[in-house]
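Geometric and topological summary
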Amino acid sequence: MTLRLHNTLTGTKDVFEPLEAGRAGMYTCGPTVWNYAHVGNLRAFLAYDLIRRHLQVSGYDVTHVMNLTDIDDRILDQAMHAGVTIDEYVKPYVAAFFEDMGALRAQPATQYPRATEHIPEMIEMISELIENQNAYSADGDVYFRIASFPAYGALSRLDRSGLKPGVRVATDKYDKESVSDFALWKKAHPEDATLGAAWDAPFGRGRPGWHIECSAMSKRYLGETLDIHGGGVDLMFPHHENEIAQSEAANHKPLARFWLHSEHLADATGEKMSKSAGGFTTLRDLSGAGHDPVAVRFFLLANAHYRARIRLSTEALHAAAEQVRRLREFADRVRRTAPGDHDDLNLLRRIAEVRAGYREALDDDLNLPQGIGLVFELVREANAALDFGNVGKQGRQELLLLIDDFDAHLDVVRSEEPGLAQEVERLIAEREAARKGRDFSRADQIREELREKGIALEDSKEGVRWRRVR
Ligand SMILES: [Zn+2]
């Protein structure tokens, strides 16, 4: 089986091959922790989770690095208003980010480097760029000289004729050679030191620009060439172009072999959702409105391909919650059904077909929606077979494997509380023992206890079954 990923660099689906066999190094642009993460950003973070999980399923040992941007103009402004240092200001938002990622069941990255903890690496790269004439100082700021990097714009297929290198631009804010030159380093303002946002450098006291942090930190943790660089499509230009320019001018090596970009999330009107457009929705907003983060996960991952736009709406979230419920109920049912004495050969053939089709869909640029579509078809067929007792030992085993297959990416089947299933099983066994001992009040008490946990019991001829009712 061959994994093919859509590579923004080539514009085609290319066979994924890492630099080192069996290992994959992936860098993904993380949040700017100036506020709660917007659902649009969460979609990108979940797309990273999908890539990472499928690489693992494909047998790669994955090193995933995701940065936290804990210094930028908004953070400085907000910290100044709040009268705290930037470190104090971002602390609750860093914690909130990790809470959101946990609630959305994203696997933790291998490393979460923070910009303010990697200033020396950035200073070193900027010094190199100045030395190579790729960067210059202008009144205490340092800019990247785009004219020195002819490949600029290749990733986003930018029309370079729009860039006017060599035209000296002076405004009251900056003094750079060309409008499109971007800041690597910003001169310290007098108040920056009190905010904890000024560092000494050979080219003057100041703070780093946003783009340089990704170039410096990806190099530090993953080397000069990454197997995969991921980000939301809104980062392609200028952020990723700037990363490429900085890294490749400094290292003389390609920054990444594969560039993956996930599409925007749109609100119900079809507009791109962003904080600046006022469409501010966080996971907290959604949870507050009664949406289960696991349903949000399902919606963001499985409703549409990661390179297609999706619209956020209450109806879509309700539909996702219903799909999660069906998958959970199905998994519960398969697990607690005692195998019948024969297998339906037609069902066995269908399970094999769907397992192969699911894998093929994921190998085809992570087409999870297509794979899950196949799974739902089979869930209907298998439920019918279970109704008629047509699932034997092998069929049950194969269905359990299929559940493992899709949950390796979706991760929605396992119960919210770790250990819940064991706890429920223990209580069911205790209830059975109480009933055998004719202690019906204890048995009823246990049923009530489970109901409070959102678990309903059904006495069937296959034994006691349980299902989640909320
Ligand atoms: Zn970045």
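Here the structure is shown first, and the text comes after it.
Please read these numbers as outputs of a predicted model, since none were measured by experiment. (Residues numbered from 1 in each chain as written. Predicted model: local features only at pLDDT ≥ 70, side-chain atom pairs only at ≥ 80, totals over all residues. Heavy atoms only, no water.)

**Quick notes on the coordination of the zinc ion**
Within the protein, the zinc ion binds to Cys-29 (SG), Cys-214 (SG), His-239 (NE2) and Glu-243 (OE); these donor distances fall in the range 2.1 to 2.3 Å. For the zinc ion, the four donor atoms in the first shell make angles of 77 to 133° at the metal, so the coordination geometry reads as irregular. Within one chain, the residues donating to the zinc ion are spaced in sequence as C-x184-C-x24-H-x3-E. Placement of both His-239 and Glu-243 in helix α6 (residues 236-251) is noted, with a separation of four residues, approximately one turn of the helix. For the pair shown, His-239 and Glu-243 are each scored as buried. (Donors = N, O, S within 2.8 Å, 3.2 Å for Na, K, Ca; no water. Tetrahedral: all angles 85-135°; square planar, octahedral: opposite > 155°, others 65-115°. Helix = DSSP H or I, 4+ residues; strand = E, 2+ residues; numbered from the N terminus. Buried < 20%, exposed > 50% of the residue type's maximum accessible area, 1.4 Å probe, protein only.)

**Section: the packing of helix α1 (residues 39-57) against helix α8 (residues 293-302)**
Between two packed helices, both the angle of their axes relative to each other and the distance between the axes serve to describe the pair. For the pair α1 and α8, interaxial distance at closest approach is 9 Å and the crossing angle is 75°. Considering the angle they form, α1 stands roughly perpendicular to α8. Of the residues in α8, those touching α1 at Val-39, Leu-42, Arg-43, Leu-46, Ala-47, Asp-49, Leu-50 and Arg-53 are Arg-297, Leu-300 and Leu-301. Its residues assigned to classes, the contact of α1 with α8 comprises seven nonpolar, no polar and four charged. (Axes fitted to C-alpha atoms, helices over the stretch in contact; angles between N-to-C directions. Parallel < 35°, antiparallel > 145°, perpendicular 65-115°, else oblique. Contact = heavy atoms within 4.5 Å. Nonpolar A, V, L, I, M, F, W, Y, C, P; charged D, E, K, R; others polar.)

**Observations regarding the nonpolar core**
Leu-55, Phe-298, Leu-327 and Phe-406 are the most contacted members of the largest nonpolar core, which has 125 residues in total. The greatest single-element share of this core, amounting to 10 residues, is contributed by α1. The contact partners of Leu-55, leaving out residues within four places of it in the chain, are Leu-3, Phe-16, Ala-24, Met-26, Tyr-60, Val-62 and Ile-228. By size, the runner-up hydrophobic cluster in this structure holds 10 residues, among which are Leu-420, Ile-446, Leu-450 and Trp-466. (Core = buried A, V, L, I, M, F, W, Y, C linked by side-chain atoms within 4.5 Å.)

**A closer look at the sheet that holds strand β11 (residues 226-232)**
The strand order β4-β3-β11-β12 describes an open sheet built from four strands, whose pairing is parallel. Only two strands of the sheet have a single neighbouring strand rather than two, namely β4 (61-66) and β12 (256-262). Between one strand axis and the next, the sheet turns by 20° as a mean value, whatever way the strands run. Note: strand β3 (residues 23-28) against β4, six bridges, orientation parallel. Among the inter-strand pairings, Ala-24 is bridged to a residue of β4, identified as Val-62. Sitting on the sheet, helix α5 (residues 210-222) is in contact with β3, β4 and β11, with an inclination near 160° to β3. Relative to β11, α6 is tilted by about 155°, and along the sheet it contacts β11 and β12. (Pairing = 2+ DSSP bridges.)

**Quick look at the pattern of salt bridges**
Scanning all chains against the criterion turns up 43 salt bridges. As a salt-bridge pair, Asp-192 and Arg-207 come within 3.5 Å of each other at their nearest N and O atoms. Here Asp-192, found in the loop between β9 (182-187) and β10 (206-208), pairs with Arg-207, found in strand β10; they are 15 residues apart in sequence, far enough to count as distant. Owing to a relative accessible area of 6%, Arg-207 belongs among the buried residues under this scheme. We note a salt bridge from Arg-333 to Asp-387, for which the minimum N-O separation is 2.8 Å. Here Arg-333, found in helix α9 (residues 314-336), pairs with Asp-387, found in helix α11 (residues 368-387); they are 54 residues apart in sequence, far enough to count as distant. Judged by its relative accessible area of 16%, Arg-333 falls in the buried class. Judged by relative accessible area, Asp-387 falls into the exposed class, the value being 55%. Residues joined in a network through salt bridges with shared partners are Asp-49, Arg-53, Arg-297, Asp-411 and Arg-414. (Salt bridge = Lys/Arg side-chain N within 4 Å of Asp/Glu carboxyl O.)

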